[in-house]
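# Structural overview
Chain by chain, the residues run as shown.
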Amino acid sequence: MAEMTARVSGFFGRMPRWVYVVIALALAIAFPLLEQFGLMQTLWLRLGTRVLVYVLLAVGLNLVLGETGLLHLGYVAFFAVGAYTTAILSSPRFGIQWNFWVIVALAMGLSMLFGFLIAVPTLRLRGDYLAIVTLAFGEITRMTLNNWETLTNGPGGIPGIYPPNIFGWTVDSPLEFFYVLLVAVVIVIYLLGNVKDSRIGRAWNALREDEIAAHHSGVRPMRAKMLAVVMSSGIAGLAGAIFAYYQQFINPTYFLFMQSTIVVCMVVLGGMGSIPGAVLGAVVLDATPEVIRQAFTTWLPGAFGRDFLPGVQSALQTDFDRYRMAIFGLVIVLMVIFRPEGLLPNKLWKREVHEEDPRELEKTHQHLFDFEEGKQDLEV
Amino acid sequence: MSPEHIFSLTISGITVGMIYALIALGYTMVYGVLQLINFAHGEVFTVGGYIAASTLIWAGVDGTTPLAVKIGYFGLALLVSLVLTAALGWLIERLAYRPLRQQSRIIALLAAIGTSIFLQNMLVIVFGPQPIIMPTAIVPTGFVEVFGARIRVLQVIIIVVSLVLMALLTWIVKGTRMGKAMRATSQDREAAEMMGIETNLTISFTFVMGSSLAAIGGFLVAMYYGSLQFNTGFLYGLKAFTAAVLGGIGNIPGAVVGSLILGLAENWGVGLTLELLAWLFVLGVLVGLYFQLVRAPRRRVAHIAEEFRTPEYESRVRNVYLFAPVLAVKTLFSERTDALVYVSAQHAVRLMLGNAILAAVAIAFFMAGDIQFSSKWQHVISFVVLMAILMFRPSGILGENIVEKV
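Residues numbered from 1 in each chain as written. Chains lettered and ligands numbered in written order. Predicted model: local features only at pLDDT ≥ 70, side-chain atom pairs only at ≥ 80, totals over all residues. Heavy atoms only, no water.

Tallying secondary structure elements over chain A gives 16 helices and four strands in all. Within the span of chain A, comprising 380 residues, buried residues form 51% of the whole. Of the contacts formed within chain A by residues at least 6 apart in sequence, a portion of 73% connects residues at least 24 apart. (Helix = DSSP H or I, 4+ residues; strand = E, 2+ residues; numbered from the N terminus. Buried < 20%, exposed > 50% of the residue type's maximum accessible area, 1.4 Å probe, protein only. Contact = heavy atoms within 4.5 Å.)

And the structure:
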């Protein structure tokens, strides 16, 4: 049995990475076509689009939380900045409609500016104070959006956001938005993958593991952290802009503290510092609750009669969000206790969290001195 | 604003501050022993209030209940809430934090946040999303007249109870064996363990104590406002943490002082207008200019080594500050320059930028006119206070690393 699992995992381990990338991309491209051919309800396409927004957010937060090891709890604030920039500049509220590219650039730029302003004073602080400050910043942003009625229309939100026009192509159906988002996700992931493997990516990992040692090896902690925060804010701004276009209506309830924690949970579940992990975390955490809800409210009653587990059905209809969040909280706790490296771990982080584990240590040593088969794996 | 009004605002500020202090003590003690922000503490507080209120509802207290029975029920509610909440605190530590002692801080912090989310949503699932209403019969409704201001008896009770609890806590920390163990653990856990102190027991005790204080705080808040909502603890927790940081985290008197300041600031802040705030920013600009033009050059000049100290060199360093940004930027871009002058120029540019931002904010506020801060901006104010403290003085008012640290 053990040999069997070893062979299976060996098989998957030997597959080059591009195979997985191609499979994932093919699945993603094919997914909306199911709806197009009538094999799937539009509901699922909408879910897929939302998942892609979360993928963008999770990948962006992964930069800060996973790569650099800074606990950022106000991530949704930058998302909100991007979304509100779009909503204000392209809606009947002020009767203006700016160009899509200008708005995306502005949304990203403004988010990055806010990220910079938050980062300058707070990154000097101890890591856990950063968590509190970012949390407070997220709440301030939401309350300001709620209270500044002349600009944001307060709790009423901004309705009727115009669909974007990309080189003469008006994007206004979930299908088209899915592909727009997919392109954005692919570009962002490609760029982030490059950044991760570059000098600055290694500097981030070094900072995460030991800030003092990294500083003494020539990494400038402030600069590197600042770059991480600003870049991830920009990604959140981008996600916010596309989200606002897609949703056509935004109000402050889309940007609760809960959303930040959901994204944190995605990154933790998938594996901190691993981009595939962040993608997987976003897909699993956003899609699973919806699948469960559909299963208990539509599919199972359809298969076993209308009165199938009525208690569960009513509970899911009224308190679904609460159960989901309670389970997310539990998932975070259980993950950090039992599998801190996440579902699709990043090698470096995995070794770091299992520092005390003699087996992992031995593996590390083996990797270091494994010169057989001409392998010189010195990536510890 | 009449003096009576100010006086009653002050009293309610102290009342709220005392409640913040009861919660902040839990944060600060746990931070002392574990260096962990116990995010779940706010939820522990809410749970305490919920349990007390639901005990009273279950007992069916109403206006017809005789006083002696009422007091009995009151004691029962307090006892049940204390025991269950303390048990909850102990459980959280045992299940969520203890397995992560050896891990990095970010991991433990994640566990704390997860616990907090879990508890908050469990509260809704168990008790429902609507606020729990305290039976009004149990709440003292009397007033006393002091200096012409009407003060609720309940406020007096809250202040007195909090003071007694704080005295008790101080005695436990300073006068008992367990308190000694706590202080030792917070100074150096491993060394304390080597000296034969049961650190696990001590940490559990800290959690139990913090949770009990939070439970009493929750009970008092439920009585004071008449109801409690599932997310009350989130805001209270954040504010109490702000207070703990304001006073200097890990520092018991600091937590109390910080809480009082925060409570008073919040209550006085209701009368704040944007114009007043703008004047505060003008004050900030003045202080900033003082720093840039007087204090910083004086300190830089003091850095000059004896053998280089000439009047010309001193004035060169000083001029970078005085004629910034022109001279400072010029210095930064010049080909070759002195290290001290270069560093001073960088510093000067930073100070200048800071002053410019402050001035811009002040001008923006003046332009925005006379917007009155309604109570919906109250939370924003306390968050801004938190961010300001963390930026400018993260060690707090009384300092965080004093010898009596807990």
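So, on to the pairing of strand E3 (residues 149-152) of chain B. In regular strands, side chains alternate between the two faces of the sheet. Going residue by residue along E3 of chain B, you find Ala-149 and Ile-151 of chain B tucked away on one face and Arg-150 and Arg-152 of chain B left uncovered on the opposite face. Taking the residues between adjacent antiparallel strands as the criterion, strand E2 (residues 143-146) of chain B and E3 of chain B are bridged by two residues, where Phe-147 of chain B takes a positive phi near 50 degrees. (Pairing = 2+ DSSP bridges.)

Alignment of E2 of chain B against E3 of chain B, held across four bridges, turns out to be antiparallel. Its bridge partner being in E3 of chain B, Val-146 of chain B is matched across the sheet by Ala-149 of chain B.

All names here are of chain B. A cluster of acidic residues, Asp-188, Glu-190, Glu-193 and Glu-198, forms a negative patch at the surface. Structurally, Glu-190 can be placed in helix H7 (residues 189-194). Residue Glu-190 is classed as exposed on the basis of its relative accessible area of 59%. (Patch = residues over 30% accessible without salt bridge, like charges linked within 9 Å, V, L, I, M, F, W, Y side chains within 5 Å. Areas by Shrake-Rupley, 256 points an atom, 1.4 Å probe, with all protein chains shown as cover. Salt bridge = Lys/Arg side-chain N within 4 Å of Asp/Glu carboxyl O. Lys, Arg positive; Asp, Glu negative; His and termini not counted. Charge placed at Lys NZ, Arg CZ, Asp CG, Glu CD.)

Attention now goes to the confidence of the model for chain B. The share of residues in chain B with pLDDT of 70 or more is 91%, and the mean pLDDT across the chain is 82. Across chain B, the secondary-structure element scoring lowest on mean pLDDT is helix H15 (residues 378-392) of chain B, at 71, and the one scoring highest is helix H8 (residues 199-225) of chain B, at 91. (pLDDT = per-residue confidence, 0-100.)

On to the packing of helix H8 (residues 174-196) of chain A against helix H11 (residues 221-247) of chain A, then. Residue and element names in this part refer to chain A. Close contact between H8 and H11 brings their axes to 11 Å; oriented N to C, the two are set at 175 degrees. By the criterion of interaxial angle, the relationship of H8 to H11 is roughly antiparallel. The residues of H11 that touch H8, namely those facing Pro-174, Phe-177, Leu-181, Ala-184, Val-188, Leu-192 and Val-195, are Met-231, Ile-235, Leu-238, Ile-242, Tyr-245 and Tyr-246. Among the residues making up the contact of H8 with H11, the classes are represented as 13 nonpolar, no polar and no charged. (Axes fitted to C-alpha atoms, helices over the stretch in contact; angles between N-to-C directions. Parallel < 35°, antiparallel > 145°, perpendicular 65-115°, else oblique. Nonpolar A, V, L, I, M, F, W, Y, C, P; charged D, E, K, R; others polar.)

Attention now goes to the packing of aromatic side chains. Residues and elements named next belong to chain A. On inspection of all chains with the given rule, the structure shows 23 aromatic pairs over all chains. Each ring, one from Phe-243 and one from Tyr-254, has its centre 5.6 Å from the other, and the planes form 80 degrees; the classification is edge-to-face. Of the two residues, Phe-243 sits in helix H11 while Tyr-254 sits in the loop between H11 and helix H12 (257-270), which places them 11 residues apart along the sequence. Every member of this aromatic cluster is reached through a ring pair, and the members are Phe-79, Tyr-84, Phe-243, Tyr-254 and Phe-255. (Phe/Tyr/Trp six-rings, centres within 6.5 Å; stacked < 30°, edge-to-face > 60°.)

Grouped together as the largest cluster of nonpolar side chains are 196 residues, with contacts concentrated most on Leu-65, Leu-71 and Leu-73 of chain A together with Phe-39 and Met-134 of chain B. Apart from the residues lying within four places of it in its own chain, the contact partners of Leu-71 of chain A are Leu-65, Leu-130, Ala-131 and Thr-134 of chain A together with Ile-106, Leu-109, Leu-110 and Ile-113 of chain B. With 12 residues, the next largest nonpolar core counts Tyr-313, Val-317, Tyr-321 and Ala-348 of chain B among its residues. (Core = buried A, V, L, I, M, F, W, Y, C linked by side-chain atoms within 4.5 Å.)

This brings us to the side chain of Thr-206 of chain B. Residues and elements named next belong to chain B. Among the structural elements, Thr-206 can be located in helix H8. Take Thr-206: its relative accessible area is 0%, and that puts it in the buried class. Discounting residues that sit within four places of it in the chain, Thr-206 has contacts with Met-29, Val-30, Val-33 and Met-182.

One side chain can pair with another of opposite charge once the charged atoms of both are near each other. Applying the stated rule across the entire model yields 11 salt bridges over all chains. Between Glu-139 of chain A and Arg-142 of chain A there is a salt bridge, and its shortest N-O distance comes to 3.0 Å. In this pair, Glu-139 of chain A and Arg-142 of chain A both sit in helix H6 (residues 127-147), three residues apart, roughly one turn of the helix. No difference in accessibility class separates Glu-139 of chain A from Arg-142 of chain A, as the two residues are buried. One salt bridge in this structure joins Arg-309 of chain B and Glu-314 of chain B, with 3.3 Å as the shortest N-O distance. The structure contains a network of salt bridges with shared partners spanning Arg-50, Asp-286 and Glu-290 of chain A.

Another aspect to go through is the interface of chain B and chain A. Taken together, the contact pairs 42 residues of chain B with 44 residues of chain A. Here chain B meets chain A over a buried area of about 3,900 Å², counting both sides, of which 79% is carbon and sulfur. Looking at the side of chain B facing chain A, the largest losses of area belong to Ile-106, Leu-110 and Ile-125 of chain B, adding up to 15% of the total buried there. There are zero salt bridges connecting chain B and chain A. At the junction of chain B and chain A, the tally comes to zero residue pairs in polar contact (both at pLDDT 80 or more). Elements that contribute at least two residues to the side of chain B that touches chain A include exactly helix H3 (67-97), helix H4 (105-127), helix H9 (232-247) and H15 of chain B. Here the side of chain B that touches chain A takes 15 residues from H4 of chain B, the largest share from any one element. Partitioning the side of chain B that touches chain A into residue classes produces 33 nonpolar, six polar and three charged. (Buried area = accessible area lost by both parts, 1.4 Å probe. Polar contact = N/O pair within 3.5 Å; in protein donor to acceptor, adjacent residues only side chain to side chain.)

Residues and elements named next belong to chain B. Together, Leu-280, Leu-283, Leu-286, Val-287, Leu-289, Tyr-290, Phe-291, Leu-293, Val-294, Leu-322 and Phe-323 make up an exposed nonpolar region whose accessible area comes to about 950 Å². If you tally residues by element for the nonpolar patch, the top one is helix H11 (residues 274-302), at nine residues. Within the secondary structure layout, Val-294 lies in helix H11.

Attention now moves to H11 of chain A. The terminal C-alpha atoms of H11 of chain A, which comprises 27 residues, lie 38 Å apart, in line with the 39 Å expected from a rise of 1.5 Å per residue. Among the 27 residues that make up H11 of chain A, 22 are buried, leaving the element largely enclosed by the rest of the structure. (Expected span 1.5 Å × (residues − 1).)

The subject of this paragraph is the confidence of the model for chain A. When pLDDT is averaged along chain A, the result is 81; 84% of the residues meet or exceed 70. The low-confidence segment residues 371-380 of chain A, where pLDDT is below 50, has 12 contacts with residues more than four positions distant or belonging to other chains.

As a further point, take the environment of Ile-140 of chain A. Take Ile-140 of chain A: it is sitting in helix H6. In this structure, Ile-140 of chain A is in contact with Val-380, Phe-383, Val-384 and Met-387 of chain B, ignoring residues within four places of it in sequence.

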